[in-house]
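Each chain, letter by letter, is given below.
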Amino acid sequence: MTLIHIAISDDWEACRPFGEYEVATRGIPLVDGDFVRATTPGGTQRVLDDVFGDLGLPLVAIVIDEAELRNTGLRVDITGDAASIWGPLPQDGPAIVAETPIERRDGRWLAPDLHADQTNRG
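Worth saying up front: this structure is predicted, and the values here are computed from it rather than measured. (Residues numbered from 1 in each chain as written. Predicted model: local features only at pLDDT ≥ 70, side-chain atom pairs only at ≥ 80, totals over all residues. Heavy atoms only, no water.)

J.: So what exactly am I meant to see when it comes to the overall build of the protein here?
T.: Within the protein, the secondary structure is distributed over 4 helices and 12 strands. Its C-alpha atoms give the protein principal-axis dimensions of about 40 × 30 × 30 Å. Going through the 122 residues of the protein one by one, you find that 43% of them count as buried. In the protein, the proportion of contacts linking residues at least 24 apart, taken out of those at least 6 apart, comes to 72%. Surface summary for the protein: the accessible area is close to 6,300 Å², and the carbon and sulfur share equals 51%. With 10 positive and 21 negative side-chain charges, the protein shows a spacing of 4 Å between the two charge centroids. (Helix = DSSP H or I, 4+ residues; strand = E, 2+ residues; numbered from the N terminus. Buried < 20%, exposed > 50% of the residue type's maximum accessible area, 1.4 Å probe, protein only. Contact = heavy atoms within 4.5 Å. Areas by Shrake-Rupley, 256 points an atom, 1.4 Å probe, with all protein chains shown as cover. Lys, Arg positive; Asp, Glu negative; His and termini not counted. Charge placed at Lys NZ, Arg CZ, Asp CG, Glu CD.)

J.: Just to check I follow, could you spell out the layout of surface pockets for this structure?
T.: Picture a little ball the size of a water molecule; that probe, rolled over the atoms, points out where space is still empty. Computed from the structure, the largest pocket encloses a volume of approximately 190 Å³. Lining of the largest pocket is provided by 15 residues; of these, T25, R37, A38, T39 and V47 occupy positions nearest its centre. Breaking the lining of the largest pocket down by element, the ones donating at least two residues are β1 (2–8), β5 (36–39), α3 (44–52) and β8 (82–86). When residues of the lining of the largest pocket are assigned to their parent elements, the largest contribution, 4 residues, is made by α3. A per-class count over the lining of the largest pocket returns 8 nonpolar, 4 polar and 3 charged. (1 Å grid on protein atoms, 1.4 Å probe; cavity = no way out; pocket = protein on both sides within 12 Å on 5 of 7 lines; lining within 4 Å. Points joined across faces, edges and corners; volume = space filled by probe spheres on them. Nonpolar A, V, L, I, M, F, W, Y, C, P; charged D, E, K, R; others polar.)

J.: Hey, could you run me through α3 in this one?
T.: For the α-helix, the turn length of 3.6 residues means that residues three or four positions removed from each other point alike. Residues of α3 that are buried: T44, Q45, V47, L48 and F52. Taken end-on, α3 shows its buried residues confined to a sector of 160 degrees, consistent with a single buried face. (Arc of directions from axis to C-beta.)

J.: What's the story with empty space enclosed by the protein in this structure? I'm lost.
T.: Summed over the entire model, instances satisfying the criterion amount to 1 cavity of 30 Å³ or more. In this structure, the largest cavity occupies an estimated 40 Å³ of space. Taken together, H5, I6, A7, I8, D11, Y21, V23, T25, R26, G27 and F52 form the lining of the largest cavity. When residues of the lining of the largest cavity are assigned to their parent elements, the largest contribution, 4 residues, is made by β1. Residues of the lining of the largest cavity, tallied by class, amount to 6 nonpolar, 3 polar and 2 charged.

J.: Hey, could you run me through the environment of E103 in this one?
T.: Relative to the elements of secondary structure, E103 occurs in strand β11 (residues 103–105). Once the C-alpha coordinates of E103 and Q91 are considered, the two residues, 12 residues apart in sequence, prove to be 22 Å apart. Among all residues touching E103, those that are not within four sequence positions of it are R108, W109 and L110.

J.: Can you walk me through the packing of aromatic side chains in this structure?
T.: Centre-to-centre distance and the angle between the planes together describe a pair of aromatic rings. Counted according to the given criterion, the structure contains 2 aromatic pairs. For the pair W12 and Y21, a centre-to-centre distance of 5.0 Å together with 50 degrees between the ring planes defines the contact as tilted. Grouping residues by exposure puts W12 and Y21 together as buried. One residue, R37, lies across the ring of F35, its end atom 4.0 Å from the ring centre. (Phe/Tyr/Trp six-rings, centres within 6.5 Å; stacked < 30°, edge-to-face > 60°. Lys NZ or Arg CZ within 6 Å of the ring centre and 35° of its normal.)

This is how it looks when you write it as structure tokens:
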């Protein structure tokens, strides 16, 4: 299954030298938030509207292969469109399928077309 984590671009890039992304969600580090929040592709627009709608900072959709993520030893819980990833996201390796910038148009973040070419890996 494909999962999506919405990240503030600067947060994602700041973690890159360490090889692990340790942010639970907007404004909450993993140490305080217990788990990394993710969603299914179908839940992406809701997360963008509800959690990031008022934010003007650049965002990136981190496309995650759930099976590969589990192969790293991380626990992943999925309920409906919501996913909990119990541990930092590895930034390299097969679990991260793509890093797709999110477009903002007419004051609204737009969920990326995940069926398009996903070769952008930062």
